[in-house]
Amino acid sequence: TKPSLAEGINGGWLVAVVATQSVSNLSGLLARHLDAQKELVLFVSLSLWLCGAMLYIWIISIIFYRYLFFKLAPSDLTPPYWVNMGAMAISTLAGTTLIANAGEWQFLAQLRPFLAGFTVLFWATATWWIPMLLILGCWRHLYKRFKIAYDPLYWGAVFPLGMYVACTFQLARVTELRVLALIPRYFIYVALAAWTLTFSGLLRSMYSGMRKGKEAPCAAGS
């Protein structure tokens with residue numbers, strides 16, 4: 001039994017892309033410390049990076065189709081939709097790792113223009129999602145007055161913001177695009193603010209839960 005498209009699809013599906021690109025990035029980082037099998041590990045990193053890109057195309061097409069052709073309720077726009085951006089951000093990060101390893105393998109060196117082009121494409125796509133998601137968030141909470149309350153799903157919005165800072169910093173470093181270096185210098189405060197607010201909500205939720213737990217036996221005794 002499968003849910004309908006409107007009920008079943010959300011940004012959480014893109015965790016599959018995040019996982020694939022995480023392993024790609026890890027492989028690229030490990031390859032720098034290897035002598036034997038370095039080329040094999042870099043090939044695995046490259047293959048996973050490309051697989052992650054295709055996974056994103058498949059899944060985001062369905063998500064975008066849901067945006068355009070199905071009715072959206074405020075409750076539908078859950079925080080994991082920020083993974084729409086985060087999946088592209090970590091794809092950018094994995095791409096910068098491959099670019100940095102271009103000197104370690106002749107085949108990667110030949111692909112360097114291709115790697116750079118697609119990495120910038122991923123970064124541009126991640127950047128495009130930010131105003132889109134902010135507008136949808138304003139529509140949800142300001143226009144539709146959907147209550148803001150702590151939900152563990154909000155951590156799904158914190159990760160993409162931090163990843164955007166990291167990937168932009170690395171992209172500026174490996175491509176020597178100095179204009180990009182200004183973005184992480186200031187955007188990191190946005191990511192830190194989101195982390196702080198979410199962590200504060202977690203503490204308040206835990207404290208509230210502890211208070212209710214203590215009050216329950218008292219109420220039962222009385």
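Residues numbered from 1 in each chain as written. Predicted model: local features only at pLDDT ≥ 70, side-chain atom pairs only at ≥ 80, totals over all residues. Heavy atoms only, no water.

**Some thoughts on helix H4 (residues 83-100)**
Next, step 1: The end-to-end C-alpha distance of H4, which contains 18 residues, comes to 25 Å, matching closely the 26 Å that a straight helix rising 1.5 Å per residue would cover.
Next, step 2: Most of H4 is tucked away, with 17 of its 18 residues classed as buried. (Helix = DSSP H or I, 4+ residues; strand = E, 2+ residues; numbered from the N terminus. Expected span 1.5 Å × (residues − 1). Buried < 20%, exposed > 50% of the residue type's maximum accessible area, 1.4 Å probe, protein only.)

**Here's the deal with helix H6 (residues 112-143)**
For an α-helix the count is 3.6 residues per turn, leaving residues at separations of three or four pointing the same way.
Next, step 1: In a regular helix each residue adds 1.5 Å, so 32 residues correspond to 46 Å; H6 covers 46 Å between its end C-alpha atoms and thus fits that length.
Next, step 2: Inspection of H6 places Leu115, Thr119, Phe122, Trp123, Ala126, Trp129, Ile130, Leu133, Leu136, Arg140 and His141 among the buried residues, and these make up the whole buried set.
Next, step 3: At the exit of H6 stands Arg145, carrying a positive phi of roughly 55°.

**A closer look at unusual backbone geometry**
Next, step 1: Even without being a glycine, Gln37 presents a positive backbone phi close to 65°.
Next, step 2: Within the secondary structure, Gln37 sits in the loop between helix H2 (15-31) and helix H3 (38-69).
Next, step 3: With relative accessibility at 53%, the residue Gln37 sits in the exposed group.

**Notes on the side chain of Ser27**
Next, step 1: Looking at where Ser27 falls in the secondary structure, it is placed in helix H2.
Next, step 2: Here Ser27 falls in the buried class, since its relative accessible area comes to 10%.
Next, step 3: From its side chain, Ser27 meets the backbone oxygen of Val23 in a polar contact 2.8 Å long.
Next, step 4: When neighbours within four sequence positions are excluded, Ser27 is seen to be in contact with Val41, Val44 and Ser45. (Polar contact = N/O pair within 3.5 Å; in protein donor to acceptor, adjacent residues only side chain to side chain. Contact = heavy atoms within 4.5 Å.)

**What to know about the pattern of salt bridges**
Next, step 1: For the structure on display, the rule yields 2 salt bridges.
Next, step 2: Glu104 is paired through a salt bridge with Lys38; the nearest N and O atoms lie 2.8 Å apart. Here Glu104 is found in the loop between H4 and helix H5 (106-110), whereas its partner Lys38 is found in helix H3, with 66 residues between them in sequence.
Next, step 3: Across the pair Arg66 and Asp76 runs a salt bridge whose closest N-O atoms are separated by 3.3 Å. (Salt bridge = Lys/Arg side-chain N within 4 Å of Asp/Glu carboxyl O.)

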